[in-house]
Every structure is written in C-alpha cells, then in structure tokens.
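Below, each chain spelled out in residue letters.
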Amino acid sequence: MSGKQKVRVLLRAVVPSMAAGALVCVGAAALAQPPGNWRFLPELSDEFSGATVDTALWLTFLPHYAGRPPGVIDPARVTVANGMVRLETTARDKGRFATPLLRARQEVRYGYFEVVARLAPCRVNQAFWFYAWRPEGTREIDVFEMGPGTPGEAHRLHSNLHVYDGDPANENDSNRRSYPQVWSAPDFDPTEENRYGFLWSPTELVWWVNGREIRREPNRHFHWPMALTFTGEVHPRWFGVPTPQELPCAMTIDSVRSWQWLDAADGAGAQPARDAGRGRLRGGVE
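A quick note: this is a predicted structure, and the numbers were derived from the prediction, not measured.

Analysis parameters
- Residues numbered from 1 in each chain as written.
- Predicted model: local features only at pLDDT ≥ 70, side-chain atom pairs only at ≥ 80, totals over all residues.
- Heavy atoms only, no water.
- Helix = DSSP H or I, 4+ residues; strand = E, 2+ residues; numbered from the N terminus.
- Buried < 20%, exposed > 50% of the residue type's maximum accessible area, 1.4 Å probe, protein only.
- Contact = heavy atoms within 4.5 Å.
- Areas by Shrake-Rupley, 256 points an atom, 1.4 Å probe, with all protein chains shown as cover.
- Salt bridge = Lys/Arg side-chain N within 4 Å of Asp/Glu carboxyl O.
- Core = buried A, V, L, I, M, F, W, Y, C linked by side-chain atoms within 4.5 Å.
- Polar contact = N/O pair within 3.5 Å; in protein donor to acceptor, adjacent residues only side chain to side chain.

Caption draft 1: Local environment of the overall build of the protein chain. Regarding its fold elements, the protein chain presents 1 helix and 22 strands. Across the 286 residues that make up the protein chain, the buried fraction comes to 56%. A sequence separation of at least 24 residues applies to 72% of the contacts in the protein chain between residues at least 6 apart. A total of about 11800 Å² of accessible surface is found on the protein chain, and carbon and sulfur atoms cover 53% of it.

Shown next, in the form of structure tokens:
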C-alpha cells in the first residue's frame, strides 16, 4: 500500500468520528483539531490522485481577472501528476510571466483546513488564501504568502488579513485595512514538505505550521462565504522579479483537506460558489 493510500484509509477511519480534542494523524505528523463537531468536506478536499485537475472541484482561470501584472494567469500552468498538483510560473515575452491559479469552485464559511505543500526557491509569491468579493466590499485571509528565493525570505512566512467596506471599484492601498504578520523560525524551510493548518471560526482565526501554532486573532470581520485559493504571482515591489535561471519554478501541493465546523448556530458551512469566479481579485500584499 502506498503512503497516500494509507493516508486515505486513515482519514476514512478518523474523520467520521472526529470529536473534541481529536487528532488528524497523517504520516508522521499530527495536528490537534479544535474542539467541536466536524464534518469532512470532500468538495473542498483533494489528494490529486488523478491525471488531470478535477474540474468539478477547481477553477484554473477566472473570467473577469487576467492576473496580477506582469503575470498573466495561464490554466496550462496547473498540472497533476504523481499524486500532487503543480502550480508553475514561467517566463513569457515582453517581460511578462505565465502564472498559476487554483481556486475551489465551492465557497465555504468557517472550517478547518489543512494543506501539505512544498514551495519553490524562487522570487514568486506562492500563496494559500481565502477571498470574498461583494458589491459592498471585499475580504481576504492570507494563510501564507512566501517567496523563498528572495534574499532574507528563506525562513519567513507572511500572513495577512485584508478588510474593505464600500464599492470594490474604489478600493485602494489607502482605504483597505490590512493586518500583516511575519513568522520566522530557523528550522522552517518552505522548500521542504510542510503541513499548514488554518482554523476559521465565528470567533477566531488560528494558523499552524507542522502542528506549531504561529498566529491567533479574534475574528472581527470574516463572516462571508469565501473561496479557497492557491496562486503563484510575480510581485516586483515585494519579492522582486524571478531571474531566468529560477524559471520555471513551482509550488507543489500533495493534499488539501477541509472540514466543516457544525457547531455555529447561524448555519456555518459550505456555501454555493456564486462568487467563486466573479469580481475583482486583488491578492497579495501591496
């Protein structure tokens, strides 16, 4: 039995009976689950065991957003092989770049999310985040943003919260509220395989890396359904521009697993993906 087959058997055994204080044990790592009543969400989870992207679960392009310049979203930059999905950034002509996007079709509100990923040592913002767009504003939770190839960034993980109320057409750097934080540890290497956990509840937001809590915040603003998203973006003002020698480079994701928290009295859980492919997309730190 392969390692990923063992993981699936273990998940089937553990997840249906998940209870307060239970552990999700995957391979050699274990993350303590927050207390409460949980349901595994197959519509927001993927072991990437097929030969192509599961289009019933994922979008690889957005009809109203071409990408962050100088990058252009290219669905061909997202591929599946050997039990993982590869989000690749490559060079194009005229100083542009072809960049990947992987966005869940199903939006979600509140849950616990776990991602096993390995990032590339290049100057590309490789990110896992949630986003919501509405006519009355936008919300964004950045679970991680990292560019391990940028000098000084080899052991740093950036997380952020972005809040904007008002007409999204008028959103800019001066009227958007942001709450960035940087976590760094000498034993953390994002280019190695790591397990990233994130709790989003009606009352708090909590980040983990390999079972280590790295950030905790009260949830004051994030109560809309949001789209789970992965991107690789070129961000010249932040991580710089990747050199030709660095490209192509890719973040690889071994698994995405999501659980719905059923304890909230206001009907928390998965929501229809009415905005998953709509609206102005920002992403990243300005």
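Caption draft 2: Main features of the pattern of salt bridges. Under the criterion given, the structure shown has 20 salt bridges. Between glutamate 88 and arginine 86 there is a salt bridge, with the nearest N and O atoms lying 2.9 Å from each other. Ionic pairing is found between glutamate 217 and arginine 215, a salt bridge with its closest N-O pair at 3.1 Å. On the accessibility criterion, arginine 215 (4% relative accessible area) is buried.

Caption draft 3: Region of the structure containing the nonpolar core. Trp58, Phe130, Ile141, Trp200, Phe230 and Ile253 are the most contacted members of the largest nonpolar core, which totals 46 residues. Here this core takes 4 residues from strand 13 (residues 137-146), the largest share from any one element. In contact with phenylalanine 130, not counting residues within four places along its chain, are Val108, Phe113, Arg139, Glu140, Ile141, Val143, Phe198, Trp200, Met226, Ala227 and Leu228.

Caption draft 4: Examining the side chain of glutamate 171 more closely. As for its placement among the helices and strands, glutamate 171 is situated in the loop between strand 14 (156-165) and strand 15 (177-178). A distance of 3.3 Å separates polar atoms of two side chains, one belonging to glutamate 171 and the other to threonine 138. For glutamate 171, the side chain forms a polar contact with the side chain of arginine 176, separated by 2.8 Å.

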